[in-house]
Amino acid sequence: WDNADFSRGVGTTFYQEFPTLNTAKPPFVRDVEAKVRRYLKSSYSAAWTLRITWEKAPAYAAQSDTRRTITYQAVLTTDGFRSYVLMLYQEGGMRWDYTRLAATNVLIGYT
């Protein structure tokens, strides 16, 4: 993750919680469960899921360019025993101009 800069009024961050233990699961949670099952090749039934979205986030420092924004999500999910994080980026990947970032070792994802 790099520094997003919302100080110019461009972009927003929001979250949505999905407590699904003993309740009907919305399509989003069923999709998350399917992804976990597919990636890990094991059974999985979510008891709780949290989706955090950074929408149209400009890179720090926003005063330099607020047109190159990115929308991405972190999805945390657990069945009460195992927990997972899905990191989802809009099609086309990171759109920030990495040549303007302070760091020179830019990665999408985590290590």
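The structure under discussion appears in the preceding block.
What this report covers is the structure whose coordinates are included nearby. Once a new chain begins, its residue numbering starts again from 1 and follows that chain's sequence as written. Whole-chain, interface and lining totals are the exception, using all residues; otherwise, since this is a predicted model, local features are given only for residues with pLDDT of at least 70 and side-chain atom pairs are given and counted only at 80 or more. Hydrogen atoms and water are omitted, and side-chain values are computed over all heavy atoms in the structure.

**Concerning the sheet that holds strand β4 (residues 83–89)**
- Two strands pair if DSSP finds at least two bridges between them. Only DSSP runs of H or I covering at least 4 residues are called helices, and only runs of E covering at least 2 are called strands; the numbering of each starts at the N terminus. Judged by pairing direction, the sheet is antiparallel, and its four strands sit side by side in the order β1-β2-β3-β4 without closing on themselves. Each having just a single partner strand, β1 (12–19) and β4 make up the two edges of the open sheet. Within the sheet, the average angular offset between the axes of one strand and its neighbour, ignoring direction, is 15°.
- Across eight bridges, the pairing between β1 and strand β2 (residues 48–58) is antiparallel. The residue of β2 that forms the bridge with Phe18 is Thr49.
- Docked against the sheet, helix α1 (residues 27–40) engages β1, β2, β3 (69–78) and β4, running at close to 105° with respect to β4. Think of each axis as a best-fit line through the C-alpha atoms, taken over the contacting stretch in the case of a helix, with angles from 0 to 180 degrees between the N-to-C directions. Contacts: residue pairs with any heavy atoms within 4.5 Å of one another.

**Let's talk about the nonpolar core**
- Side-chain atoms within 4.5 Å are what join buried Ala, Val, Leu, Ile, Met, Phe, Trp, Tyr and Cys residues into a set we call a nonpolar core. Residue burial is assigned from relative accessible area. The probe radius is 1.4 Å, only protein chains are included, and a residue is buried under 20% of its type maximum, exposed over 50%, and partly exposed in between. Ranked by size, the top nonpolar core spans nine residues in total: Phe18, Phe28, Val29, Val32, Val36, Tyr44, Ala46, Val75 and Leu86.
- Counting seven residues, the second largest nonpolar core, distinct from the first, contains Trp54, Ile70, Tyr72 and Ala74.

**Observations regarding the packing of aromatic side chains**
- In this scheme Phe, Tyr and Trp rings, the latter by its six-membered ring, pair at centre separations within 6.5 Å, and the angle between planes marks the pair as stacked below 30 degrees, edge-to-face above 60, and tilted otherwise. A complete count under the given rule lists four aromatic pairs for this structure.
- Look at Trp54 and Tyr72: their rings are 5.0 Å apart centre to centre, the planes differ by 15°, and that puts the pair in the stacked class. One end of the pair, Trp54, is in strand β2; the other, Tyr72, is in strand β3, with 18 residues separating them in the sequence. Take Trp54 and Tyr72: they sit in the same class, and that class is buried.
- Note on Tyr72 and Tyr89: the rings are 6.1 Å apart at their centroids and 25° apart in plane angle, and the pair reads as stacked. One end of the pair, Tyr72, is in strand β3; the other, Tyr89, is in strand β4, and 17 residues separate them in sequence.
- Among the residues examined, Tyr89 registers a relative accessible area of 25% and is labelled partly exposed.
- Three or more aromatic residues link up through ring pairs in this structure, and these residues are Trp54, Tyr72 and Tyr89.

**Description of the side chain of Asp79**
- Here Asp79 shows up in the loop between β3 and β4.
- At a separation of 2.8 Å, a polar atom in the side chain of Asp79 contacts the main-chain amide nitrogen of Phe81.
- Once residues lying within four places of it in the same chain are set aside, the contact partners of Asp79 are Tyr44, Ser45 and Ala47. Distance and chemistry together define a polar contact, namely a pair of N or O atoms within 3.5 Å, with one atom able to donate a hydrogen and the other to accept it when in protein, and with adjacent residues in sequence counting only for side-chain atoms on both sides.

**Re unusual backbone geometry**
- The phi dihedral of Lys41 is positive, around 50°, even though this residue is not glycine.
- Locating Lys41 in the fold gives a position in the loop between α1 and β2.
- Within the chain, Lys56 stands out as a residue other than glycine whose phi angle is a positive 50°.
- With respect to the helices, strands and loops of the structure, Lys56 is situated in strand β2.

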